[in-house]
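An overview of the molecular structure
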Amino acid sequence: MCDHHHAGQRVLCPQCDMLVELPHLDHGHKASCPRCGTTLTTQWDEPRQRPTAYALAALFMLLLANLFPFVNMNVAGLSSEIEPMQIPTILLSEDYASLGTFFLLFVQLVPAFCLVAILLLVNRVPLSHAVQKFLARWLFQLKAWGMTEIFMAGVLVSFVKLMAYGDIGVGSSFIPLCLFCLLQLRAFQCVDRRWLWNDIEPMPVPAQPLKVGVTGIRQGLRACNCCTAILPADQRICPRCGATGHVRKKNSLQWTLALLITSVLFYFPANILPVMVTDLLGTKMPSTILAGVVLLWSEGSYPVAGVIFIASIMVPTLKMIAIGWLCFSASGRGRRDSEKMHLIYEIVEFVGRWSMIDVFVIAVLSALVRMGGLMNIYPAMGAVMFALVVVITMFSAIIFDPRLLWDREPDSSHEEK
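Since this is a predicted model, take the numbers as computed values, not measurements.

What follows covers helix α8 (residues 193-200). Every buried residue belonging to α8 is among Arg194, Leu196, Trp197 and Ile200, and all of these are buried. Along the axis of α8, the buried residues cluster in a sector spanning 165°; they form a single face. The distance from a side-chain oxygen at the start of α8 to the backbone nitrogen of Arg194 is 3.3 Å, and the residue carrying that oxygen is Asp192.

Our focus in this paragraph is the pairing of strand β10 (residues 276-280). Extensive coverage of β10 is indicated by the burial of four of its five residues. Both β10 and strand β11 (residues 283-287) contribute to a ladder of five bridges, which runs antiparallel. Counterpart to Val277 in the pairing with β11 is Pro286. A loop of two residues connects β10 with β11, the two strands running antiparallel in sequence, and Leu281 in this loop sits at a positive phi of about 55°. As defined by bridge partners, β10 adjoins strand β12 (residues 375-379) across five bridges and the pair is classed as antiparallel. When the sheet's bridge partners are listed, Met276 is paired in β12 with Pro379.

Read from one edge of the open sheet, three strands run β11-β10-β12, paired in antiparallel fashion. Every interior strand has two partners, whereas the edge strands, β11 and β12, have only one. Across the sheet, the axes of successive neighbouring strands diverge by a mean angle of 20°, strand direction being ignored. The sheet strands contacting helix α13 (residues 357-368) are β10 and β12, and the helix crosses β12 at an angle near 140°.

Our next topic: the nonpolar core. Counting 129 residues, the largest nonpolar core has Ile87, Leu99, Phe151, Cys224, Met356 and Phe360 as the members making the most contacts within it. When residues of this core are assigned to their parent elements, the largest contribution, 14 residues, is made by helix α4 (residues 97-122). Taken together, domain 1 (10-43 + 202-232) and domain 2 (249-407) each give at least three residues to this core, which thus spans both. Not counting residues within four places of it along the chain, the set of residues in contact with Phe360 comprises Phe103, Phe106, Val107, Met147, Ile150 and Phe151. In terms of nonpolar packing, the next biggest core, distinct from the first, is built from seven residues, Leu210, Val212, Leu221 and Ile230 among them.

Okay, the domain arrangement of the chain next. Parsing the chain into structural domains produces domain 1 (10-43 + 202-232) and domain 2 (249-407). On a C-alpha basis, the centres of domain 1 and domain 2 stand 34 Å from each other. Domain 1 puts eleven residues into the contact, and the matching count from domain 2 is eight residues. Regarding the contact of domain 1 and domain 2, the summed buried area is about 830 Å², with carbon and sulfur atoms giving 44% of it. Broken down residue by residue, the surface that domain 1 buries against domain 2 is led by Gln15, Arg35 and Asn225, which jointly contribute 50%.

This part takes up the packing of aromatic side chains. Under the defined criterion, the tally for this structure stands at eleven aromatic pairs. Plain terms: the ring middles of Trp145 and Phe395 are 5.0 Å apart, the flat faces sit at 40° to each other, and that makes the pair tilted. Within this pair, whereas Trp145 is found in the loop between α5 (129-142) and α6 (148-162), its partner Phe395 is found in helix α14 (residues 381-399), the two being separated by 250 residues in sequence. Site record: aromatic cluster; members linked through ring pairs are Phe70, Phe103, Phe151, Phe159, Phe174 and Phe360.

Quick look at the sheet that holds strand β6 (residues 78-82) now. Strand order in the open sheet formed by three strands is β6-β5-β7, with antiparallel pairing between adjacent strands. Edge positions in the open sheet fall to β6 and β7 (167-170), since each of these has one partner strand only. Going across the sheet, the axis of each strand differs from the next one's by a mean of 15°, ignoring polarity. Of the pairings in the sheet, the one linking strand β5 (residues 71-75) to β7 comprises four bridges and is antiparallel in character.

About the thresholds
- Residues numbered from 1 in each chain as written.
- Predicted model: local features only at pLDDT ≥ 70, side-chain atom pairs only at ≥ 80, totals over all residues.
- Heavy atoms only, no water.
- Buried < 20%, exposed > 50% of the residue type's maximum accessible area, 1.4 Å probe, protein only.
- Helix = DSSP H or I, 4+ residues; strand = E, 2+ residues; numbered from the N terminus.
- Arc of directions from axis to C-beta.
- Polar contact = N/O pair within 3.5 Å; in protein donor to acceptor, adjacent residues only side chain to side chain.
- Pairing = 2+ DSSP bridges.
- Axes fitted to C-alpha atoms, helices over the stretch in contact; angles between N-to-C directions.
- Contact = heavy atoms within 4.5 Å.
- Core = buried A, V, L, I, M, F, W, Y, C linked by side-chain atoms within 4.5 Å.
- Domains from an automatic or database assignment.
- Buried area = accessible area lost by both parts, 1.4 Å probe.
- Phe/Tyr/Trp six-rings, centres within 6.5 Å; stacked < 30°, edge-to-face > 60°.

Structure below.
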């Protein structure tokens, strides 16, 4: 019979599937997988007070940010200013509901939902068990889709683009939104998935002995992708969180390749079609992503041109190549080098969302530059196509199962007898 304490101190690595025994951790320390280096758990001091303080402060800053002007522009005596919530409103009025929805979801609603979920869960607010599980499941699934920091980077790029046309200033909500960005990131960082699920409900105890240093698939075990519980391989529904899962994500490579092909099909029109149209004194000037980079470079804004080129052209291209390479390697073809392929996977997962920076630049420019007959900027179809490329490639990275990269590798030589 498996010892309850030891079972609770063991975890199947979600990235390489090796069973790891967690050491005793001091406050502020983390445990990493000795095979692939993935962080398995972090021991925070004051695990309730810290995220509560950060989440409350972040929500307060978000409220302030939506009450006051955000940025303003003055051109030849004409001025324009916007509040954050006016950005999706203007995009919706221009028949670009998709871009407005992306902004509303990724910059405001998703981070706000996650922060509220943190407050309710870490403070043990009286909720039904079903509601607690619902909040915890969606908290960790949606966390990666909060993109406030990417939006703020897009705002800074917008400033550089607009300085050639007039005076740019920041409003009262600019600092609160910057603080919201930092505080919500810190709140997410201070909530450990394993600790939170153990606080909601203890981990089910496996009915068989666990061998440290051996992969779960070779022991007839699987890890719950939602709550990290160790389960028998044939148990599809997790008794703790209710999530359905398999030993490996079902049809992971097929779905990943299907999404990859779809993103490639959207990528070509995203780069050929204009992403925005500048109406200057009645003259409409369409601009593609590459044309925007060339313009910034010719005006001497080399760092900003470099950022846009890397985030909007180089990263999506390399990400699609990398995802294809990962699928090729995970299917058992090519040279076996799991450590290198795992590093590529981690880079793909981290940097892919930053390609949204150009979409947010277009959103800010389209909302702010409304100067009557003097100057106006409108989004174009290329921006929608590019946003879809970013979202689809993010889904493809999420659906890809990195454990497939390690399945051909031998187990650790430190197997516990």
